[in-house]
Number of protein chains: 2
Amino acid sequence: MLVKSKVKYIQSLGQKKFRDREKRFIAEGPKLVYDLLLEKKTSVSEVFALPEWMEANQMAFADVDLHEISAIDLEKISQLKTPNQVLAVVNQFENSENISARNKITLVLDNLRDPGNLGTIIRIADWFGVSQIICSHNTTELYNPKVVQATMGSIARVEVHYLDIEKWLAKQKDVPQFAAMLEGDDVSQMKKLKEGIIIIGNEANGVDTSNLPAAIKKITIPQYGKAESLNAAVATGIILSHLV
Amino acid sequence: MLVKSKVKYIQSLGQKKFRDREKRFIAEGPKLVYDLLLEKKTSVSEVFALPEWMEANQMAFADVDLHEISAIDLEKISQLKTPNQVLAVVNQFENSENISARNKITLVLDNLRDPGNLGTIIRIADWFGVSQIICSHNTTELYNPKVVQATMGSIARVEVHYLDIEKWLAKQKDVPQFAAMLEGDDVSQMKKLKEGIIIIGNEANGVDTSNLPAAIKKITIPQYGKAESLNAAVATGIILSHLV
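Please read these numbers as outputs of a predicted model, since none were measured by experiment.

**Student:** Could you give an account of the overall build of chain A, with specific residues and numbers?
**Tutor:** Of regular secondary structure, chain A possesses nine helices and ten strands. At 20 Å, chain A has a C-alpha radius of gyration in line with the 18 Å of a compact globule built from 244 residues. Along the first, second and third principal axes, the C-alpha set of chain A runs to 60 × 40 × 30 Å. The buried share of chain A, taken over its 244 residues, is 42%. At a minimum sequence separation of 6, the contacts of chain A that also span at least 24 residues come to 77%.

**Student:** Tell me about the confidence of the model for chain A, and please be specific about residues and values.
**Tutor:** Low pLDDT means the predicted coordinates in that region are not meant to be read closely. In this model, chain A carries an average pLDDT of 95, and 100% of its residues clear a pLDDT of 70 or more. For this predicted complex, the interface confidence comes out at an ipTM of 0.92, alongside a pTM of 0.94.

**Student:** Which residues make up the interface of chain A and chain B, and what are the values?
**Tutor:** At the interface, 26 residues of chain A touch 26 residues of chain B. Those elements giving two or more residues to the side of chain A that touches chain B turn out to be helix H6 (115-127) and helix H9 (232-243) of chain A. Per-class residue counts for the side of chain A that touches chain B are twelve nonpolar, nine polar and five charged.

**Student:** How would you summarise the packing of H9 of chain A against helix H9 (residues 232-243) of chain B if you had to cite specific residues and measurements?
**Tutor:** Running from amino to carboxyl end, H9 of chain A crosses H9 of chain B at an angle of 45 degrees, the nearest separation of the two axes being 8 Å. Between H9 of chain A and H9 of chain B, the crossing angle belongs to the class labelled oblique. The two elements H9 of chain A and H9 of chain B meet at a crossing, and its hand is right-handed. Across the interface between the two elements, Ala233, Val234, Gly237, Ile238 and Ser241 of chain A from H9 of chain A touch Ala233, Val234, Gly237, Ile238 and Ser241 of chain B from H9 of chain B.

**Student:** Which residues make up the relation of the copies chain A and chain B, and what values do they have?
**Tutor:** With an RMSD of 0.0 Å, chain A superimposes on chain B once it is rotated by 180 degrees and translated 0.0 Å along the axis. What we have between these two chains is a two-fold relation. When the interface residues of chain A are mapped onto chain B, 100% of them again fall at the interface, so both copies present the same face.

**Student:** Give me the lowdown on the pairing of strand E4 (residues 86-91) of chain B, citing residues and values where you can.
**Tutor:** All names here are of chain B. Burial analysis of E4 places five of its six residues in the buried class, the great majority of the element. Note that strand E2 (residues 44-49) and E4 share five bridges and pair antiparallel. Bridge assignment links Val47 to a residue of E4, and that residue is Ala88.

**Student:** Talk me through the domain arrangement of chain A; I want residue IDs and the actual numbers.
**Tutor:** All names here are of chain A. The domains assigned to chain A are domain 1 (4-91) and domain 2 (105-243). One C-alpha centre belongs to domain 1, the other to domain 2; they are set 30 Å apart. In this complex, domain 1 contributes 14 residues to the contact, which on the side of domain 2 involves nine residues. Secondary-structure elements contributing two or more residues to the side of domain 1 that touches domain 2 are helix H2 (16-22), strand E1 (24-28) and helix H3 (30-39). A total of five residues in the side of domain 1 that touches domain 2 trace back to one element, the largest contributor, which is H3.

What counts and what doesn't
Note on numbering: residues in each chain are counted from 1, in written sequence order. Chain labels run from A onward and ligand labels from 1 onward, assigned in the order the entries are written. Totals for whole chains, interfaces and linings use every residue, but because this is a predicted model, local features are given only for residues with pLDDT of at least 70 and side-chain atom pairs only at 80 or more, for both listing and counting. Comment: elements are numbered from the N terminus, with helices defined as DSSP H or I runs of at least four residues and strands as E runs of at least two. For a compact globule the rule gives 2.2 Å times the number of residues to the power 0.38, and the radius of gyration it is set against comes from C-alpha atoms. Burial in this document is a count-based property: other C-beta atoms within 10 Å of a residue's C-beta are tallied, and the residue is buried at 20 or more, exposed at 12 or fewer, or partly exposed in between, with C-beta positions derived from the backbone. Whether two residues are in contact depends on their C-beta atoms, placed from the backbone: they are in contact if these lie within 7 Å. Values of pLDDT, the confidence the predictor places in each residue, fall between 0 and 100. When residue character is reported, Ala, Val, Leu, Ile, Met, Phe, Trp, Tyr, Cys and Pro are called nonpolar, Asp, Glu, Lys and Arg charged, and the others, Gly included, polar. Throughout, an axis means a line fitted to C-alpha atoms (over the contacting stretch in the case of helices), and angles, computed between N-to-C directions, take values from 0 to 180 degrees. Here roughly perpendicular refers to angles of 65 to 115 degrees, roughly parallel to angles under 35, roughly antiparallel to angles over 145, and oblique to all remaining angles. Handedness of a helix crossing follows the sense of rotation of the near helix relative to the far helix, less than a right angle counterclockwise being left-handed and clockwise being right-handed. Copies overlap after least-squares fitting; the atoms used are the C-alpha atoms of residues with pLDDT of at least 70 in both. Here a strand pair is declared whenever DSSP counts at least two bridges between the two strands. All the domain ranges listed were derived from an automatic or database domain assignment.

Take a look at the structure:
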């Protein structure tokens, strides 16, 4: 049985205030926890799992701090409506200031607000082999359980850093930079990129170009009908499918 | 002030059982209600709005049954966390059995479960000028408030019909048919379509091809990384961006 103080500690990680202080987050479900154990094992602090998960996995991860718990205890610590076998407490990843954009594709998210969108974009990046994302400081928090769960495990493979994007972009002058806008060059007519920075903007207002380098190229997804906009994650998927 | 029986009636439309019986649904917010009034005015049964909306719109829609209500009454009848000026009670659209796929692009949704995904797909279809969608009977309900709101007004422009898709596809033998799968022809290498049916499958299991015509072509979005799948709405956006 889980002691009360442990239950309380894990529950507290549902709140940003405590995640910030503890520098930890929670991840739930077999797929997500498995991906983290596979790719970021040293970040996984503790795992709490039902007997069936333990039986299937404890041999493979004998060097991890695993705890077998009951369904009642899992219910207590889970953030999900339907708890799913296993929950991991994970150390937050390093947030580096020194990220290079050379020889790769980098996504930059400018003031993205919706946690589901951020998680879905991380999953899309992973699908297209984009391994780094830079978020503006006002982008929604990576470790929000809604973001973590929406990545479907891709949080274990895609590096996400929060930086002053204006400063960072200014340092990447030698790398082509593109901003997704309602008007610009047709993305379906562009050449594939080997190296480049693609900036995706806020759901309602798009990319704020006022402070961005003048050399930035505006790109767009041609609109054939009457919808006013596309969802930010859908737009990211379309752009990457044409440029990667 | 709204009478109690009216409040109760509108609230009941939050439930599928009553929507089915009354053949009505609710749509909220200035953008959605405006698009419905513009494109489907005869379907709009009644509109309930705050004074500021009335002031701006009642002249333009004098032939519509408009009711000015208080913020307190709007709160009572709204399905939104933050009610947004105006709510319309709308008659459900005709569900026709005789839909032709000739000379256009048709999206077919096979057992799509998530209301947000359905709404987003309707919005994507509208962006790419796709004006008809056929849903399998087990696809989530069009008139669920989550679907309606996620269309951001595109429900007023895209026709959605619920049919036995197996039978319907069998009747469209002369139109090229494509199913989005994890394996198939690379969609980014295909020619643009003037006429065609594109089938999008269930979020977890994809398209169930067991009962589909043998001539159907499998298409896919090449995967460069390790994510296991893409969100159904994102996949739809990417496919349409390459084929339309």
